[in-house]
Amino acid sequence: MKNKCVICSKAKGRRTCRVRQHAVICSQCCASIRNQDCEGCTYYTFAQQYQSAKYSQSESKHFIIEINEEVEQSVDHALELLNNKAFKEGKRIIHELLNKHPRNHWVQFAMGVYYVFKEEYQQAIEYFDKAIEIFPYFVEAYFNKAAACQKQLDIKNMVKAFQKVIEIGNPKDELVNQAKDSLADLDRHIREYEGVSLETYFKGMELFEQAVKYMTKRDWKQAIFYFQKCLTVNPRHPQSYGNMGICYAQLGKKDLAFEVLDKALEIDPQYELAIVNRALVESLKEGEILRADNINSVEYYKEYPLKKKSYLKQFMQQLHSSIRNIE
């Protein structure tokens, strides 16, 4: 909460003001100085739409946002408390606001921020989505959703949220520039480690998701076909090789299963899922089919390295537990 409003010097400046040379101002000062000179600003546009909708007698279902400066001041105070690690009091204020103003986008946003501070990113995303549903042009909510998705390694939705920030935000706003920088950094990272562009990477992911759908249907040949298509787009994708190994094992093709599992480990020697699956395949006799009920669907990179957990350690613990139960 470092950036104070340049007008009142009290509340946090959250909005970039066009008529103040793009200085940051608080919501209350924004409302107090708002006039026709603000035309073209997102907040001015939607304040006008709100007033029109408020008095309109039509049955149009255009969205209506609540503009309540007192509520926004309370949100500012709650966010400042969160920033100062006064989580209990900050959450209490936000809960009270949420009970009284469930259709206020800033209140939903504030609850999302609370869960970000608590590192409960999925819940944070749910509240940011509620804020966006109320106010579809809520740049701050899209930006924070993108950051939460990044923490979840949900790259696809992170990119979509950052792209939305760029689409609807003022090109001179700091958040828009940060979104552009984040996407540029991601593109550089993917080019460096995957050898493909961001756009190509996502084309590969779409093919990978299609392949996984066929795996869930036990259509192993069709799954292999789509994993191979994914690899033509993104050759350095260990998950595709790893999943192909399972598919080949299901078809009784042990040699091919070894080949693709080894390729997955060549790309990522720490890919524990491939290590475990290779051991399972090695236990098979030639022509023997891996039992379908031995397969678990795991988003490995999200569920294990991200959370600093070991899949291999967990697997060994479960194995030892099952052996003890047999004894």
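Residues numbered from 1 in each chain as written. Predicted model: local features only at pLDDT ≥ 70, side-chain atom pairs only at ≥ 80, totals over all residues. Heavy atoms only, no water.

Comments concerning the overall build of the protein
Along the protein, the regular secondary structure elements total 16 helices and 2 strands. By the burial criterion, 43% of the 327 residues in the protein qualify as buried. Across the protein, the fraction of contacts at a sequence separation of at least 24, relative to all contacts at a separation of at least 6, is 47%. (Helix = DSSP H or I, 4+ residues; strand = E, 2+ residues; numbered from the N terminus. Buried < 20%, exposed > 50% of the residue type's maximum accessible area, 1.4 Å probe, protein only. Contact = heavy atoms within 4.5 Å.)

A word on the packing of aromatic side chains
Under the counting rule described, the total for this entry stands at 13 aromatic pairs. Summarising the aromatic geometry, the rings of Phe 87 and Phe 117 are spaced 5.8 Å apart at their centres and angled 50 degrees between planes, so their arrangement reads as tilted. Of the two residues, Phe 87 sits in helix α4 (residues 87-100) while Phe 117 sits in helix α5 (residues 105-117), which places them 30 residues apart along the sequence. Centre to centre, the rings of Tyr 115 and Tyr 127 are 5.8 Å apart; their planes meet at 15 degrees, and the pair counts as stacked. One end of the pair, Tyr 115, is in helix α5; the other, Tyr 127, is in helix α6 (residues 121-134), with 12 residues separating them in the sequence. Residue Tyr 115 shares its accessibility class with Tyr 127, and that shared class is buried. Taken together, the ring pairs in this structure connect Trp 106, Phe 109, Phe 128, Phe 135 and Phe 138 into an aromatic cluster. Here Lys 130 stacks its cationic end above the ring of Tyr 127, 4.5 Å away from the centre of that ring. (Phe/Tyr/Trp six-rings, centres within 6.5 Å; stacked < 30°, edge-to-face > 60°. Lys NZ or Arg CZ within 6 Å of the ring centre and 35° of its normal.)

Section: the pattern of salt bridges
Taken as a whole, this structure holds 11 salt bridges when the rule is applied. For the salt bridge of Asp 129 with Lys 145, the shortest nitrogen-to-oxygen distance reads 2.8 Å. Taken together, the positions of Asp 129 in helix α6 and Lys 145 in helix α7 (residues 139-151) put the pair 16 residues apart, joining distant regions of the chain. Since its relative accessible area comes to 16%, Lys 145 is described here as buried. With a closest N to O distance of 2.7 Å, Arg 191 and Asp 187 form a salt bridge. Taken together, the residues Arg 191 and Asp 187, both in helix α9 (residues 174-193) and 4 residues apart, mark about one turn of the helix. Ionic contacts of the salt-bridge type, sharing partners, join the residues Glu 89, Arg 92 and Glu 96 into one network. (Salt bridge = Lys/Arg side-chain N within 4 Å of Asp/Glu carboxyl O.)

A few points about the environment of Asp 129
Here Asp 129 falls in the partly exposed class, since its relative accessible area comes to 33%. Spatially, the C-alpha atom of Asp 129 lies 8.7 Å from that of Gln 108, the residues being 21 residues apart in sequence.

Some remarks on helix α13 (residues 254-267)
Given a rise of 1.5 Å per residue, 14 residues ought to cover 20 Å, and the 20 Å separating the end C-alpha atoms of α13 matches this to within 8%. Along its buried surface, α13 packs onto α12 (238-250) and α14 (272-282). (Expected span 1.5 Å × (residues − 1).)

As for the environment of Ala 264
Within the element layout of this structure, Ala 264 appears in helix α13. Not counting residues within four places of it along the chain, the set of residues in contact with Ala 264 comprises Pro 238, Tyr 241, Gly 242, Tyr 271 and Ala 274.

Re unusual backbone geometry
Most peptide bonds adopt trans geometry, and most residues besides glycine take a negative phi value. Even without a glycine there, the phi angle at Leu 153 is positive, about 60 degrees. Mapped onto the secondary structure, Leu 153 falls in the loop between α7 and α8 (155-168). Positive phi values are uncommon outside glycine, yet Arg 218 reaches one of about 60 degrees. Among the structural elements, Arg 218 can be located in the loop between α10 (198-216) and α11 (220-233). Arg 218 gets classed as partly exposed once you look at its relative accessible area, which sits at 39%.

Considering the environment of Ile 134
With respect to the helices and strands, the residue Ile 134 is situated in helix α6. Along the backbone, Ile 134 and Arg 103 are 31 residues apart, and their C-alpha atoms lie at a distance of 6.7 Å.

Notes on the nonpolar core
By size, the foremost hydrophobic cluster in this structure holds 84 residues, and its most contacted members are Val 75, Phe 109, Met 158, Val 159 and Phe 227. Here the element with the most residues in this core is α10; it accounts for 9 residues. Ranked by size, the runner-up nonpolar core spans 7 residues in total, among them Ala 11, Ile 25, Cys 29 and Cys 30. (Core = buried A, V, L, I, M, F, W, Y, C linked by side-chain atoms within 4.5 Å.)

Side note on the packing of α5 against α6
α6 packs onto α5 with a crossing angle of 165 degrees between their chain directions and a minimal axis gap of 8 Å. By the angle between their axes, α5 is roughly antiparallel relative to α6. Where α5 crosses over α6, the handedness of that crossing is left-handed. Counting all contacts with α5, which are made through His 105, Gln 108, Phe 109, Met 111, Gly 112, Val 113, Tyr 115 and Val 116, the residues of α6 involved are Tyr 121, Gln 123, Ala 124, Tyr 127, Phe 128, Lys 130, Ala 131 and Ile 134. For the contact of α5 with α6, the per-class residue count stands at 11 nonpolar, 4 polar and 1 charged. (Axes fitted to C-alpha atoms, helices over the stretch in contact; angles between N-to-C directions. Parallel < 35°, antiparallel > 145°, perpendicular 65-115°, else oblique. Left-handed = near helix turned anticlockwise from the far one by under 90°. Nonpolar A, V, L, I, M, F, W, Y, C, P; charged D, E, K, R; others polar.)

Remarks on the packing of helix α3 (residues 69-83) against α5
Where α3 contacts α5, the axes come no closer than 10 Å and their chain directions differ by 5 degrees. Accordingly, the angle class assigned to the pair α3 and α5 is roughly parallel. Only Trp 106, Val 107, Phe 109, Ala 110, Val 113, Tyr 114 and Phe 117 of α5 make contact with α3, whose side of the interface consists of Val 71, Glu 72, Val 75, Leu 79, Leu 82 and Asn 83. Residues that form the contact of α3 with α5 fall into these classes: 11 nonpolar, 1 polar and 1 charged.

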